[in-house]
Amino acid sequence: MPQVTVSDWDLFRDTIRSKVDDVVWQNWLSALEGDVVVSGTLLLTAPSEFHVRWVVDKHLDVIQQSAHSVFGNEVAVGLIASQHASISPVPPTPDSASSIESILTNSTNAHRPPPTTTQPSSKLLARYNFDQFVVGKSNRFAHAAAMAVAEQPGVHYNPLFIYGGAGLGKTHLLHAVGHHSLELHPKCVVRYVTSENFFNEFIDGIRRKRMDEFKSRYRLADILLLDDVQFFEGKEQILEEFFHTFNSLYESNKQMVLGSDRHPRNLSSLEDRLRSRFEWGLLTDIQPPDVETRIAILRKNTDRVRGQFPEDVLEFIAQNVVDNIRELEGALTRVTAYTTLTKEVIDLPMAREVLSDLVLSSTSGPLTPEDILRSTAAQCGFTTEELVGPSRRAPLAQARQIGMYLCRELTTLSLPRIGVLFGGRDHTTVIYAVGKVKRLLETDPNVFKTVSELSQDLRRT
Ligand code: ADP
Ligand code: MG
């Protein structure tokens, strides 16, 4: 089993995170690090021996399940305290593998209470931090403003409203504000939420007669990071509630950072009083990155496998994927998958072949999720109804997983939305499917072929 890729690692973390509550995540599981699979063992490091014991005792199951779903059923999980580990991309000697086992087996009688830290509950993805964010002309202002509010929340611009097209880094910046302000002000309560979840929690609060809980959850935040506010358009029920949340936070000088795919003036069906509040603070847009920034982002993504990606391959990708950073990353993933599968060295002719559809995509119109459903069903020999239906028999289930994977790669649909599209399935099913297909891309030539052909056909439509 090869070195774990950045995207697999993120998926692994997301999967764990979707299965545990926030306190467990913040206190115990978010701190785990690791990046190699040694003789079939995924090696994780924790900050201390005690941390290792606690996690092995209480949370090993969830880690193992998540490792199986992302890296395959054969993978074992090993934990080790970081002062004993030398984690490097080079596989350690068999000796270190046996010391992992001993920690695992010696730990069964550990019994200590968790530390009583009062970590705020926020849902921040570890990778979306300022260090990983490449600054260029297209996002310099948004980045500087985000940094300023993270350093002194509630002081400079309130709200900070960041808008721009899909895949340009709005969500990344919102999370980065959260991480950075927590580093600087550890007691600060940070809430990241998408407008869709805010809305769902609100409806849930009404249904369960728990509105007080809902209100305090958001009104007691020091920093509210609210993503995708364009979702509020046409949702009359939520506007009144959000208006009060906004006023309450604003009056107590609590920081709000809002993300949107449009300028407030183009959120046409929002009430004026709310739209004007969005413009009270600072409005900043993010533009598509120029070619230098695109290359810099690709370099950052390939840092860990330096040398494997020749400069001309990065340039080829940067020149052909122009206006969506998620697609840039998707192109890298495909080249990595191909090279793992075929053991071919990455060079320009190979990248051109694997990514031949990229060059075509610049002329194509927007791709809809329905296109993906239709093409995936046809390519795999099923009807669309079967693809979104309840049956779980093997070839159909795999076709469904491929469809989910393509929706994630090629559209801007969120994980829950993809679940809904595929017959009302849960977002954790989507996470599982995406991980499974990523893994199969590297091990199963048939899956690689199906996904490549579908992706090429879809971009031609
Ligand atoms: P948006 O919310 O605007 O649709 P995201 O924040 O989800 O976009 O970004 C899409 C992907 O591109 C993410 O994986 C993110 O980490 C990456 N990304 C976006 N902007 C940058 C940047 N400036 N530097 C590095 N990675 C970036
Ligand atoms: Mg986003």
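So, here is what we can say about the structure in this document. (Residues numbered from 1 in each chain as written. Chains lettered and ligands numbered in written order. Predicted model: local features only at pLDDT ≥ 70, side-chain atom pairs only at ≥ 80, totals over all residues. Heavy atoms only, no water.)

1. Side note on the sheet that holds strand β7 (residues 255-260)
Okay, so step 1: The 5 strands lie next to each other as β5-β6-β7-β4-β8, forming an open sheet whose pairing is parallel. With partners counted over all chains shown, the strands left at the sheet margins are β5 (190-194) and β8 (282-286), one partner each. The average undirected angle you get between the axes of adjacent strands in this sheet is 15°.
Okay, so step 2: As defined by bridge partners, strand β4 (residues 160-164) adjoins β7 across 4 bridges and the pair is classed as parallel. From the neighbouring strand, Ile162 faces β7, where its bridge partner is Gly259.
Okay, so step 3: Against the sheet, helix α5 (residues 140-151) engages β4, β7 and β8, with an angle of about 135° to β8. (Pairing = 2+ DSSP bridges. Helix = DSSP H or I, 4+ residues; strand = E, 2+ residues; numbered from the N terminus. Axes fitted to C-alpha atoms, helices over the stretch in contact; angles between N-to-C directions. Contact = heavy atoms within 4.5 Å.)

2. Some details on the site of ligand 1
Okay, so step 1: In the region of ligand 1, 18 residues are neighbours, and Gly167, Lys170, Thr171, His172 and Glu329 sit closest.
Okay, so step 2: At 3.0 Å, a backbone N or O of Gly169 approaches an oxygen atom of ligand 1.
Okay, so step 3: At 2.7 Å from an oxygen atom of ligand 1 is found a side-chain nitrogen or oxygen belonging to Thr171.
Okay, so step 4: Elements that contribute at least two residues to the shell around ligand 1 include exactly α6 (170-184) and α13 (325-342).
Okay, so step 5: Of the domains in this structure, domain 2 (120-286) and domain 3 (291-460) are the two that each give at least three residues to the shell around ligand 1. (Near = heavy atom within 4 Å. Polar contact = N/O pair within 3.5 Å; in protein donor to acceptor, adjacent residues only side chain to side chain. Domains from an automatic or database assignment.)

3. Quick word on the nonpolar core
Okay, so step 1: One finds Phe12, Leu29, Ile63, Ile317 and Leu406 to be the most contacted residues of the largest nonpolar core, which totals 79 residues.
Okay, so step 2: Per-element accounting of this core gives the leading share, 10 residues, to helix α3 (residues 49-71).
Okay, so step 3: In terms of domain composition, this core takes at least three residues from each of domain 1 (6-111) and domain 3 (291-460).
Okay, so step 4: What Leu29 contacts, discounting residues up to four positions off in sequence, is Ile16, Val20, Val24, Val55, His59, Val62 and Ile63.
Okay, so step 5: In this structure, Val229, Phe231, Phe242 and Leu270 belong to the second largest nonpolar core, which totals 26 residues. (Core = buried A, V, L, I, M, F, W, Y, C linked by side-chain atoms within 4.5 Å. Buried < 20%, exposed > 50% of the residue type's maximum accessible area, 1.4 Å probe, protein only.)

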